[in-house]
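Listed below, chain by chain, are the residues.
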Amino acid sequence: MTPRDRDPSRPLHVALLGTSHVHFRDYHDLLAREPRVSAVVLPAAPDTGDRPAFGAASVREALRCADAAVITSTTAQHAQLLPHTVRAGVPTLVEKPLAATAGQTARLLPLLAAGGPTTTAMFLRCAPGLRRVRALLRQDVVGPLTAVRLCFAHAGLTDGVFTGEAAWMLDPGHGAAGALSDLGIHLIDLLLWLAPRRPIGVVNAELRHRPGLVLEPAGTAVLRWGSVPVTLHASWIGPRTGFSAHFAARYGTIRVAGGSVTLRTGRTATTWRHDPPRAGAALTAFLRRLGGRPAWRPPGHDDIRRTAALLEEIGSVARRRR
């Protein structure tokens, strides 16, 4: 059954597959607040014999009456869970990244085309401030861009976020890949969303290492976005946290700090206040789309493929610098 042919008088049944992702609790709480949504949770990994303490006992049971699925497992488990959602034919939102490498991503992409509509949770596309930035750029308010800087950071490593079920985020064996991949994926996807046909190339990259950690807690990459130089910075260790951006152009600048957007042209400055980007926004947009109210343009399969390839290239360039 799909949302299109479901009985509109009954709740929307959503299967939450996996509890290991750091945004699982955000999604679970959001679904619990939705009066027209009923959620079932699959806490156990699909490749174990453990019977979960609550929710569904198997992937098949979780999807049996589902209208949609949200995958919030480890990255490595996506390859095990996606075939189930494809067979069930349900629209699916997958926490990013789709897979740990560009090759694994390429192998999973045909599955996305075979089942119900499936995409990844790239929530910067949903942020109202960045929607405003997109509109300003398309209106050519500041003229041709000359340089861009994008930063996304949180203090998850120092604040103990990657503990308990989320400890896999520090283990490459579960598909983890470090801060620049974990947060930089959103920044690359943002560029693809702002200008879908503009080519992106990797110029340089550097990763910050920390003793005792296999993965890098911070990193910087320099890209070429068409003819525009772009600097990306991502960090799990702060000190500044949140999202920020600076778009320099011939006739002015656009600055983003959290949810605030400031446009400067000549001596004039205008600031708009919006809510800052939040992870749950992708799920909200996904649910609205299921209800026939398109709220975003989710990443397409080519966006997912290009992002994975660019992240892998950034990693290769950074390793050559060591």
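Just above, that's the structure.
Residues numbered from 1 in each chain as written. Predicted model: local features only at pLDDT ≥ 70, side-chain atom pairs only at ≥ 80, totals over all residues. Heavy atoms only, no water.

(A) Seen up close, the side chain of R134. Along the chain, R134 turns up in helix α5 (residues 128-138). Buried within the structure, R134 lacks any salt-bridge partner; D303 is the closest side chain of opposite charge, at an N-O distance of 9.0 Å. Not counting chain neighbours up to four residues away, the residues in contact with R134 comprise W193, L194 and R297. (Helix = DSSP H or I, 4+ residues; strand = E, 2+ residues; numbered from the N terminus. Buried < 20%, exposed > 50% of the residue type's maximum accessible area, 1.4 Å probe, protein only. Lys, Arg positive; Asp, Glu negative; His and termini not counted. Salt bridge = Lys/Arg side-chain N within 4 Å of Asp/Glu carboxyl O. Contact = heavy atoms within 4.5 Å.)

(B) Representation of the nonpolar core within the structure. With 81 residues, the main nonpolar core has L150, F243 and L287 as its most contacted residues. Counting residues per element, this core draws most heavily on helix α6 (residues 179-194), at eleven residues. Within the second largest apolar cluster, 19 residues are counted, among which are V59, L63, A69 and A99. (Core = buried A, V, L, I, M, F, W, Y, C linked by side-chain atoms within 4.5 Å.)

(C) Expanded view of the packing of aromatic side chains. Counted under the stated rule, the structure contains three aromatic pairs. Between F123 and F152, the ring centres sit 6.2 Å apart and the planes meet at 75°, which makes this aromatic pair edge-to-face. Pair noted here: F123 is in the loop between β5 (118-120) and α5 and F152 is in strand β6 (residues 145-153), with a separation of 29 residues, a long-range link. Looking at F152, the relative accessible area reads 11%, which means it is buried. With a centroid separation of 6.2 Å and 80° between ring planes, the pair formed by F152 and F243 is classed as edge-to-face. With F152 in strand β6 and F243 in strand β10 (residues 242-249), the pair connects residues that are 91 residues apart, well separated along the chain. F243 shares its class with F152; the two are buried. Every member of this aromatic cluster is reached through a ring pair, and the members are F123, F152 and F243. Above the ring of W225, the side-chain terminus of R198 is found at 4.4 Å from the ring centroid. (Phe/Tyr/Trp six-rings, centres within 6.5 Å; stacked < 30°, edge-to-face > 60°. Lys NZ or Arg CZ within 6 Å of the ring centre and 35° of its normal.)

(D) Looking closely at the sheet that holds strand β7 (residues 200-208). The mixed open sheet is built from eight strands, whose spatial order is β7-β8-β9-β6-β10-β11-β12-β13. Every other strand in the sheet has two partners, leaving β7 and β13 (268-273) as the edge strands with one partner each. Put simply, the sheet's adjacent strands are angled 10° from each other on average, direction ignored. Here six bridges tie β6 to strand β9 (residues 228-235), and the two strands are oriented parallel to one another. Looking at β9, one finds that L150 is bridged to L232. Contacting β7 and β8 (218-225), helix α8 (residues 301-321) runs over the sheet at an angle of about 50° to β7. (Pairing = 2+ DSSP bridges. Axes fitted to C-alpha atoms, helices over the stretch in contact; angles between N-to-C directions.)

(E) Structural view of the packing of helix α1 (residues 24-33) against helix α7 (residues 281-290). One way to put it is that α1 packs onto α7 with a least axis distance of 10 Å and a crossing angle of 40°. By the angle between their directions, the pair α1 and α7 is classed as oblique. As for how α1 packs across α7, the hand of that crossing is right-handed. Listed contacts from α7 to Y27, L30 and L31 of α1 are L283, T284 and L287. Here the residues of the contact of α1 with α7 are counted per class, giving five nonpolar, one polar and no charged. (Parallel < 35°, antiparallel > 145°, perpendicular 65-115°, else oblique. Left-handed = near helix turned anticlockwise from the far one by under 90°. Nonpolar A, V, L, I, M, F, W, Y, C, P; charged D, E, K, R; others polar.)

(F) Highlighting the sheet that holds β5. One open sheet accounts for five strands, arranged β2-β1-β3-β4-β5; its pairing is parallel. Strand pairing shows two members of the sheet lacking a second neighbour, β2 (37-42) and β5, which therefore form its edges. The sheet shows a mean angle of 20° between the axes of neighbouring strands, taken without regard to direction. As paired strands, strand β1 (residues 12-17) and strand β3 (residues 68-71) are joined by four bridges and run parallel to one another. The partner of L16 across the bridge, within β3, is V70.

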